[in-house]
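# Report on the structure
Here's the letter readout for the chains.
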Amino acid sequence: LGDGTTEDSPIPVRVLLPSGSPATSVSTGYSHSCAVLDNGSAYCWGDNDYGQLGDGAGGNWSTPVFVDLPDGRSAVSIGAGGSHTCAILDNASLVCWGKNGDDQF
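Below, the structure is looked at part by part. All values reported here derive from a predicted model rather than from experimental measurement.

## As for the sheet that holds strand S1 (residues 23-28)
Judged by pairing direction, the sheet is antiparallel, and its four strands sit side by side in the order S1-S2-S3-S4 without closing on themselves. Looking along the sheet, the strands with just one partner apiece sit at the ends: S1 and strand S4 (61-66). The sheet shows a mean angle of 20 degrees between the axes of neighbouring strands, direction not considered.

See the structure below:
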C-alpha cells in the first residue's frame, strides 16, 4: 500500500511520497503501484521481482522508490502492468521496464 508496512488495511492509508510534491496520477499493476508527482518525477512501490519498480536496485519495497528515468526527462503519465511499467515522458517518448517475457514492450 506504500505506507511502509506489509499489513492489509480495510481503510485508506497515506502513501509515503516525498513531502512537497503531490501526486498527479497513479497506476496499479498486479503487485506494484506507481505515481507521477507534480514535479514530473515518478515513484513505484510493491513487488520488484522483474525490475518493474524502475529503481535499478531490485528488491521489494513497502514505500515508494524513485524511478530512474532517462537523464533530463520527466514523466507525464505512467502505467503499471502485471510485472512491467511504462511511462510517457515530457518529450512524448515512451519508456518501459520490468518483465518482457511476453513481448510487452
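Now that the structure is up, let's keep going.
## Notes on a nonpolar patch on the surface
A cluster of nonpolar side chains, namely Val-76, Ile-88 and Leu-94, defines an oily patch on the protein surface of about 280 Å² accessible area. Tracing the sequence through the fold places Ile-88 in strand S6 (residues 84-89).

## Structural notes on the state of the cysteines
Counted by the stated rule, this structure contains two disulfides. The disulfide partner of Cys-34 is Cys-44, and the gap between their sulfur atoms is 2.1 Å. Disulfide Cys-34-Cys-44: the torsion about the S-S bond is 110 degrees, which places it as right-handed. Of this pair, Cys-34 sits in strand S2 (residues 32-37) while Cys-44 sits in strand S3 (residues 42-46), and the two are 10 residues apart along the sequence. There is no split in this pair, since Cys-34 and Cys-44 are both buried. Sequential numbering of the bridged cysteines in the chain gives the disulfide pattern 1-2, 3-4.

Reading the values: the criteria
Residues numbered from 1 in each chain as written. Predicted model: local features only at pLDDT ≥ 70, side-chain atom pairs only at ≥ 80, totals over all residues. Heavy atoms only, no water. Pairing = 2+ DSSP bridges. Helix = DSSP H or I, 4+ residues; strand = E, 2+ residues; numbered from the N terminus. Axes fitted to C-alpha atoms, helices over the stretch in contact; angles between N-to-C directions. Patch = residues over 30% accessible without salt bridge, like charges linked within 9 Å, V, L, I, M, F, W, Y side chains within 5 Å. Areas by Shrake-Rupley, 256 points an atom, 1.4 Å probe, with all protein chains shown as cover. Salt bridge = Lys/Arg side-chain N within 4 Å of Asp/Glu carboxyl O. Disulfide = S-S within 2.5 Å. Buried < 20%, exposed > 50% of the residue type's maximum accessible area, 1.4 Å probe, protein only.

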